[in-house]
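# Secondary and tertiary structure notes
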Amino acid sequence: MAVRLADVARAAGVSVPTASQVMNGTGRVAEETRKRVLDVAKELDYRPNALARSVALGRSRTIGVLAENAAGAFCMPVLIGVNRALSSQDLASLLFDARHDPATRREHIRHMLDRQVDGIVVIGEGPDVAIAALEEQFDGPIVHAFGPHDPPHAVGVYPDEFAGGALAARELVARGRTRIAHVTAGADLPSVREREAGFRRALEEAGVPCELVLHGEFTRTWGQASADHLLAELPDVDGVFAGNDGIAVGLAAALEARGRRVPADVAIVGYDNVAGYGEDTKPYLTSVDPHLEVVGERAGAYLLAALEGDEGDRAPVAPALAPGASTRGEGDDRRLDLVEALLRSATAPPVTYLPPAGA
């Protein structure tokens, strides 16, 4: 038989209303009494009725999660983090996929309103992909995870791109590289600007120049094509920070085809740690991990704090270096094939760089 709130109250020696206040976190209850009720509830394995609790609190205890592109490579780790934060407080979530379609997005917002969600977490595709504002349709708390850094009338939680660029620079310098280049996407993209700024700053601090920057697209194709430009303009290059893992893998394959060994001749650092999604224990590619699960978890925690009228932690999430064979020479170079296969099925959609008029 299921344990009732009345059973908890009787065993704890308090009234049912007092036990209810303790379980719902409402009202004023002495700390000793609160602890006794919670201990008894745990001992009896009491499970609060979610519907009754929602009515008592005046909330649905449900959060809407709106993904701009649920099929995108970076949505799942963010979603895992969001769910981890919400489930820790016994909140349910409803996932909707906008698929970058305004009409679909509006329809999903209407569904969330019908379900009376308490708040919304919007999962984006990084700072380079704009997300439509939702405040005209929903007046509750909204938190953006892995989207534009300053969404209107909402809070954004995102990785620290500047720190990520700095990590890449320090890894190349630590490997003794002095003729260093940066191969990345369009100079007008926020992620590109932030990563390059951090990269340059760390190189300056180490007294090592950034010899060359090549702009193109976040694609393996650009990575492959950039090899000829790189070798023509900086023939003695010995270290490269690639703007993402796709560029890094394409560049590595092209350099190897031209007789340049990775990392013996050229060390390469990527960005996004896509191989980490497959829990590759001996990765070919050294990469910067933006810790997207932490981004999602912090966004979920911020929303929970907002529902209680508190200010949560919205600080940019610190990245970490995921070392691999492309800078440290460990493991089997044939793992390049594994990374290629992984990136073929799990990579961000290309963000095309359109050069300024007249360029």
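Refer to the structure above for everything that follows.
Residues numbered from 1 in each chain as written. Predicted model: local features only at pLDDT ≥ 70, side-chain atom pairs only at ≥ 80, totals over all residues. Heavy atoms only, no water.

## Here we look at the sheet that holds strand 7 (residues 210–215)
- The six strands are arranged 7-6-8-9-10-11 in an open sheet whose pairing can be described as mixed. At either margin of the open sheet sits one strand with a lone partner, and together these are strand 7 and strand 11 (320–322). Mean inter-strand twist for the sheet, computed between neighbouring axes without regard to direction, equals 20 degrees.
- As paired strands, strand 6 (residues 180–184) and strand 7 are joined by five bridges and run parallel to one another. Looking across to strand 7, one finds that Ala181 is bridged to Leu212.
- The strands that helix 9 (residues 220–233) touches are strand 6, strand 7 and strand 8 (239–242); relative to strand 7, the one it contacts most, it runs at about 140 degrees.
- Along the sheet, helix 10 (residues 245–257) contacts strand 6, strand 8, strand 9 (267–271) and strand 10 (286–289); its crossing angle with strand 9, the most-contacted strand, is approximately 155 degrees. (Pairing = 2+ DSSP bridges. Helix = DSSP H or I, 4+ residues; strand = E, 2+ residues; numbered from the N terminus. Axes fitted to C-alpha atoms, helices over the stretch in contact; angles between N-to-C directions. Contact = heavy atoms within 4.5 Å.)

## Thoughts on the pattern of salt bridges
- Under the defined criterion, the tally for this structure stands at 16 salt bridges.
- The residue Glu297 makes a salt bridge to Arg84 at a minimum N-O spacing of 3.4 Å. Within this pair, whereas Glu297 is found in helix 11 (residues 292–307), its partner Arg84 is found in helix 5 (residues 75–88), the two being separated by 213 residues in sequence.
- Across the salt bridge formed by Glu171 and Arg328, the nearest N and O atoms sit 3.0 Å from each other. With a gap of 157 residues between them, Glu171 in helix 7 (residues 161–174) and Arg328 in helix 12 (residues 325–328) connect regions that are remote in the sequence.
- By sharing partners, the salt bridges in this structure join Arg84, Glu293 and Glu297 into a single network. (Salt bridge = Lys/Arg side-chain N within 4 Å of Asp/Glu carboxyl O.)

## Remarks on the nonpolar core
- Counting 29 residues, the largest nonpolar core has Val183, Leu230, Val237, Val240, Leu251, Leu255 and Ile268 as the members making the most contacts within it.
- When residues of this core are traced back to their parent elements, those giving at least two are strand 6, strand 7, helix 9, strand 8 and helix 10.
- Element by element, the count of residues in this core is highest for helix 10, at seven residues.
- Beyond its immediate stretch of four places on either side in the chain, Leu251 contacts Val183, Gly223, Gln224, Ser226, Ala227, Leu230, Val240 and Ile268.
- Membership of the second largest hydrophobic core comes to 27 residues, among which are Ala73, Phe74, Val121 and Phe146. (Core = buried A, V, L, I, M, F, W, Y, C linked by side-chain atoms within 4.5 Å. Buried < 20%, exposed > 50% of the residue type's maximum accessible area, 1.4 Å probe, protein only.)

## As for the side chain of Glu125
- Summarising the element assignment, Glu125 is placed in the loop between strand 3 (119–123) and strand 4 (142–145).
- A distance of 3.1 Å separates a polar atom in the side chain of Glu125 from a polar atom in the side chain of Asn69.
- Reaching out from Glu125, the side chain makes a polar contact with the side chain of His100 at a distance of 2.5 Å. (Polar contact = N/O pair within 3.5 Å; in protein donor to acceptor, adjacent residues only side chain to side chain.)

## Some remarks on the packing of aromatic side chains
- Across all of its chains, the model carries three aromatic pairs by this definition.
- Judged by centre distance (6.0 Å) and plane angle (85 degrees), the ring pair of Phe74 and Phe146 falls under edge-to-face. Taken together, the residues span a long stretch of sequence, with Phe74 in the loop between strand 1 (62–67) and helix 5 and Phe146 in the loop between strand 4 and strand 5 (155–157) at a distance of 72 residues. Note on accessibility: Phe74 and Phe146 belong to one class, buried.
- With 5.0 Å between their ring centres and 45 degrees between their planes, Phe199 and Phe241 make a pair best called tilted. Of this pair, Phe199 sits in helix 8 (residues 190–206) while Phe241 sits in strand 8, and the two are 42 residues apart along the sequence.
- The cationic tip of Arg195 hangs over the ring face of Tyr271; the distance from NZ or CZ to the ring centre is 3.8 Å. (Phe/Tyr/Trp six-rings, centres within 6.5 Å; stacked < 30°, edge-to-face > 60°. Lys NZ or Arg CZ within 6 Å of the ring centre and 35° of its normal.)

## Section: the sheet that holds strand 5
- Across the sheet, which stays open at both edges, the five strands sit in the order 2-1-3-4-5 with parallel pairing between neighbours. Two strands close off the open sheet at either side, each with one partner strand: strand 2 (92–97) and strand 5. Going across the sheet, the axis of each strand differs from the next one's by a mean of 25 degrees, ignoring polarity.
- Bridging between strand 1 and strand 2 involves six bridges; their strand directions are parallel. In the sheet register, Ala67 faces strand 2, and the bridge partner there is Asp97.

## Regarding the packing of helix 1 (residues 5–12) against helix 3 (residues 31–43)
- Put simply, helix 1 and helix 3 touch, their axes get as near as 9 Å, and they point 125 degrees apart. As judged from the angle between their axes, helix 1 and helix 3 are oblique. You can see that helix 1 and helix 3 cross each other, and the crossing is right-handed. In this structure, helix 1 uses Val8, Ala11 and Ala12 to contact helix 3, whose residues at the interface are Arg36, Val37, Val40 and Ala41. (Parallel < 35°, antiparallel > 145°, perpendicular 65-115°, else oblique. Left-handed = near helix turned anticlockwise from the far one by under 90°.)

## A word on helix 1
- When helix 1 is considered as a whole, its buried residues turn out to be Leu5, Asp7, Val8, Ala9 and Ala12.
- Contacts made by the buried residues of helix 1 are with helix 2 (16–24) and helix 3.
- Just beyond helix 1, the residue with positive phi is Gly13, at close to 75 degrees.

## Thoughts on unusual backbone geometry
- Here Val262 and Pro263 are connected by a cis peptide whose omega angle stands at 5 degrees.
- Along the polypeptide, Pro263 turns up in the loop between helix 10 and strand 9.
- For Gln116, which is not glycine, the phi dihedral falls at a positive 55 degrees.
- Tracing the sequence through the fold places Gln116 in the loop between helix 6 (102–114) and strand 3.
- Despite not being glycine, Phe146 shows a phi value in the positive range, around 60 degrees.

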